[in-house]
Amino acid sequence: MINLQQDADGYVRMNRHFPESVLISVTFADGTTEELSGRRLNRAYDEALAEYRAQNHLDAKGFSRSPTKKTSPGNKIDFVPVHPGMGD
C-alpha cells in the first residue's frame, strides 16, 4: 500500500500516475485517513494537469503554440489537490 500525506495547502505530492488497481492511503491535514484507488487519484492528477495547462495557455500536450521565449515544461505537475470524501 502507498501512503501519501496531505500538506497544509491541501495537496499531495504526485508526479506520475499510479497503477489503477492499487489502494493508496491518504492522510489528510485534519488527521483523517482515507483509502483511494489508483484510478481515483489518477483522475485527480489528470484534472490538475488540465487546469495547469489551461491557466498557462498550453495545448493538450503541454506546449505553447505562440512564438515566445523559452518556458518551463508544461508536461509535469508535482502537487495534486485532495480532500476528504473524494473516494470512488
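See above for the structure.
What you see is a predicted model, and the numbers here were worked out from it, not measured in a lab. (Residues numbered from 1 in each chain as written. Predicted model: local features only at pLDDT ≥ 70, side-chain atom pairs only at ≥ 80, totals over all residues. Heavy atoms only, no water.)

(A) Layout of the environment of S25. Tracing the backbone shows S25 in strand β3 (residues 23-27). Classification of S25 by relative accessible area gives buried; the value is 9%. Sequence separation of S25 and E35 is 10 residues, and the distance between their C-alpha atoms is 4.4 Å. With residues up to four places along the chain from it excluded, the contact list for S25 reads M1, I2, N3, L4, T33, E34 and E35. (Helix = DSSP H or I, 4+ residues; strand = E, 2+ residues; numbered from the N terminus. Buried < 20%, exposed > 50% of the residue type's maximum accessible area, 1.4 Å probe, protein only. Contact = heavy atoms within 4.5 Å.)

(B) Representation of the pairing of β3 within the structure. Of the pairings in the sheet, the one linking strand β1 (residues 2-5) to β3 comprises 4 bridges and is parallel in character. Bridging from a neighbouring strand, I2 pairs with I24 of β3. Pairing geometry for β3 and strand β4 (residues 33-37), over 5 bridges, is antiparallel. Across the sheet, the residue bridging to T27 is T33, located in β4. (Pairing = 2+ DSSP bridges.)

(C) A look at the sheet that holds β3. Strand order in the open sheet made by the 3 strands is β1-β3-β4, with mixed pairing throughout. Each edge of the open sheet is held by one strand with a lone partner, namely β1 and β4. The average undirected angle you get between the axes of adjacent strands in this sheet is 30°. (Axes fitted to C-alpha atoms, helices over the stretch in contact; angles between N-to-C directions.)

(D) Fine view of the nonpolar core. Of all hydrophobic cores here, the largest spans 17 residues; its most connected members are L4, V26, L41, V80 and V82. Every element with two or more residues in this core is listed here: β3 and α1 (38-55). The dominant element in this core, judged by the number of residues it contributes, is α1, at 5 residues. For L41, the residues in contact, after removing those within four places along its chain, are L4, M14, I24, V26, L36 and V82. (Core = buried A, V, L, I, M, F, W, Y, C linked by side-chain atoms within 4.5 Å.)

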